[in-house]
Amino acid sequence: MSLPKRMRAAVLYDYNDLRVVDRDVPAPGEQEVLIQVKACAICGSDPKIVAHGWPSCPPMGEYIPGHEFSGVIAAVGSGVTGYRAGERVAVEPHKGCGHCINCIRGLYTTCLNYGKLEEGHRHYGFTVNGGYAEYAVCHINCIHKFSETLSYEDATLLTTAGTALYGIQRAGGIWPGETVVVIGPGPIGLMAVQLAKVLGAGRVILVGTRESRLATGKEVGADITVNSRETDAVQAISELTGGVMADMVVETSGSTGGGAQAVELVKKSGRVAFVGIYSEPVTLNLNKVVQWNVQLAGGKAEGEDVLDRIVPLMESGRIKTKPLLTHEFSLEQINEGMNTYINRVGNALKVVIKP
Ligand SMILES: [Zn+2]
Ligand SMILES: [Zn+2]
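Remember, it's a predicted structure, so these values are computed and weren't measured experimentally.

A. Up close: the overall build of the protein. Of regular secondary structure, the protein possesses eleven helices and 17 strands. Relative to the 2.2 N^0.38 estimate, which gives 20 Å for 355 residues, the radius of gyration of the protein is 20 Å and therefore close to what a compact globule would have. Judged by the C-alpha coordinates and their principal axes, the protein covers about 65 × 45 × 40 Å. Across the 355 residues that make up the protein, the buried fraction comes to 50%. A separation of at least 24 residues holds for 68% of the contacts in the protein among residues at least 6 apart in sequence.

See below:
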């Protein structure tokens, strides 16, 4: 496979100035592969990056964002033995330094050397260039193979599902037959619903405010949906559980209301996973957390080996992707894609850019 020298890439020149321009195709270094990017999904953090940049991101005029991407390996760097050109891979954005105490313990999404390139840390699409380009380099720690059963668009949702699963695991997992409440019917919430079912939840109740998204929740397996704009969610869950409340609450909305409500929806000795991104501090009833013996956990992105374990769940159809993949744009149309995502044009859920 002969590689071109130049490629098209979406480069952030300044805040709110994302341009599609020509760039050199990057060369894979040691233990890295060059990926021909086939699909890169817009994440909730991308519009914030376009508007405000990211701490320790590459300089303006050089920075290529995009971190939920998949493609085909075009070339391998030195020392790569387990991968070869032509293989289909999805990327997970976090590569820990590998030697801080958190990385040694497998907690690489909270690497203590975050942003330090000289220590070997990488956060693709954040502190180093990512997937809004025809080609991107990526370390072998961060790539996951998938079969032709999955499309490249499907595979962009591995990180979305991975974030939900990692949060659920951090909060102690889900036991067969349990009642699980998921707050927030966005992409992560819709993956949390499906993962709860796969993990054996007896009942999954999805709480949200948008009817169209709650309907998608039903489509992917939610047993009950509660529109918290019309119904008091605490009262609804109380009635559904005979006053006991939920064994597990997965908070994905990232809203201050949702964050606080998570603790009101959980039962005594229940568990709460927080995987939303909160733009402001949330006030929680911590006395209830103590008196009710509640276990809280934050889940930072898609740690451990969750992506590799989600691949077979997607390949076998137990985790559905199609209802979430609502829009596609070419790389040249990336700003239109961002606008569609931000303003939820046509009930946009996941918007995929296809270089
Ligand atoms: Zn993301
Ligand atoms: Zn580390």
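After presenting the structure, the write-up continues.
B. Quick peek at the pairing of strand β1 (residues 6–14). In terms of strand pairing, β1 meets strand β2 (residues 17–24) through eight bridges, oriented antiparallel. In the strand pairing of β2, Ala10 is matched with Val20. Counting the residues that bridge the hairpin from β1 to β2 gives two residues, and of these Asn16 lies at a positive phi of roughly 60°.

C. Highlighting the packing of helix α4 (residues 158–170) against helix α5 (residues 187–198). In the contact formed by α4 and α5, the axes pass within 8 Å of each other and the chain directions differ by 60°. Considered as vectors, α4 and α5 are oriented oblique to each other. For α4 against α5, the interelement crossing comes out right-handed. Taking contact as the criterion, the partners of Thr160, Ala161, Thr163, Ala164, Leu165 and Ile168 in α4 are, on α5, Pro187, Ile188, Met191, Ala192 and Leu195. Considering only residue class, the contact of α4 with α5 consists of nine nonpolar, two polar and no charged.

D. Main features of the pairing of strand β10 (residues 179–183). When you tally the buried positions in β10, you get five out of five residues, the bulk of the element. Along β10, one buried face is formed by Thr179, Val181 and Ile183 and the opposite face, lined by Val180 and Val182, is buried too. Traced from β10 through α5 to strand β11 (residues 203–208), the parallel crossover comes out right-handed. Of the strand pairs in this sheet, β10 and strand β13 (residues 246–251) are connected by four bridges, and their pairing is parallel. Among the inter-strand pairings, Ile183 is bridged to a residue of β13, identified as Glu251.

E. Quick look at the domain arrangement of the protein. Once the domains are mapped, the protein shows domain 1 (6–157 + 321–354) and domain 2 (161–298). Centre-to-centre separation of domain 1 and domain 2, based on C-alpha positions: 29 Å. Facing nine residues of domain 1, the contacting portion of domain 2 comprises nine residues.

F. Here's a closer look at helix α11 (residues 334–342). Residues Ile334, Gly337, Met338 and Tyr341 constitute the buried set of α11. Buried residues of α11, seen end-on, are gathered within an arc of 100° and therefore sit on one face of the element. Packed against the buried residues of α11 are β1, β2, α1 (45–52), β16 (325–330) and β17 (350–354). The first or second residue beyond α11 is Arg344, which carries a positive phi of 50°.

G. Geometry of helix α8 (residues 256–264). Every buried residue belonging to α8 is among Gly258, Gly259, Gln261, Ala262 and Val263, and all of these are buried. Tucked inside the fold, the buried residues of α8 contact β10, α7 (233–240), β13, β14 (266–274) and α9 (286–291).

H. Inspection of the sheet that holds β13 at higher detail. What the six strands build is an open sheet, ordered β12-β11-β10-β13-β14-β15; its pairing is parallel. Only two strands of the sheet have a single partner each, and these edge strands are β12 (224–227) and β15 (295–298). Direction aside, the axes of adjacent strands within the sheet are offset by 15° on average. For β10 and β11, the ladder comprises five bridges, and the chain directions are parallel. Within the sheet, the bridge partner assigned to Val181 lies in β11 and is Ile205. Contacting β11 and β12, helix α6 (residues 211–219) crosses the sheet at an angle of about 170° to β12.

I. Here's a closer look at the packing of α4 against helix α10 (residues 306–315). Two numbers describe how α4 lies on α10: the axes approach to 9 Å, and their chain directions differ by 115°. Regarding the angle of α4 to α10, the classification is roughly perpendicular. Crossing geometry of α4 relative to α10 is assigned as right-handed. Residues Leu158, Ala161, Gly162, Leu165 and Tyr166 of α4 lie in contact with α10, whose contacting residues are Val306, Leu307, Ile310 and Val311.

J. A look at unusual backbone geometry. Even without being a glycine, Asn16 presents a positive backbone phi close to 60°. Position of Asn16 relative to the elements: it lies in the loop between β1 and β2. For Asn16, a count of 12 C-beta atoms within 10 Å gives the class exposed.

K. Fine view of the environment of Val207. In this structure, Val207 sits in strand β11. Under the C-beta neighbour-count criterion, Val207 is labelled buried, with 30 such atoms within 10 Å. Here the alpha-carbon distance between Val207 and Gly217, two residues ten residues apart in the chain, equals 9.5 Å. Every residue in contact with Val207, bar those within four places of it in the chain, is listed here: Val181, Val182, Ile183, Val226, Ser228 and Ala233.

Conventions and cut-offs
Residues numbered from 1 in each chain as written. Chains lettered and ligands numbered in written order. Predicted model: local features only at pLDDT ≥ 70, side-chain atom pairs only at ≥ 80, totals over all residues. Helix = DSSP H or I, 4+ residues; strand = E, 2+ residues; numbered from the N terminus. Rg over C-alpha atoms; globule rule 2.2 N^0.38 Å. Buried ≥ 20, exposed ≤ 12 C-beta atoms within 10 Å, placed from the backbone. Contact = placed C-beta atoms within 7 Å. Pairing = 2+ DSSP bridges. Axes fitted to C-alpha atoms, helices over the stretch in contact; angles between N-to-C directions. Parallel < 35°, antiparallel > 145°, perpendicular 65-115°, else oblique. Left-handed = near helix turned anticlockwise from the far one by under 90°. Nonpolar A, V, L, I, M, F, W, Y, C, P; charged D, E, K, R; others polar. Right-handed = clockwise from strand over helix to strand, strands pointing away. Domains from an automatic or database assignment. Arc of directions from axis to C-beta.

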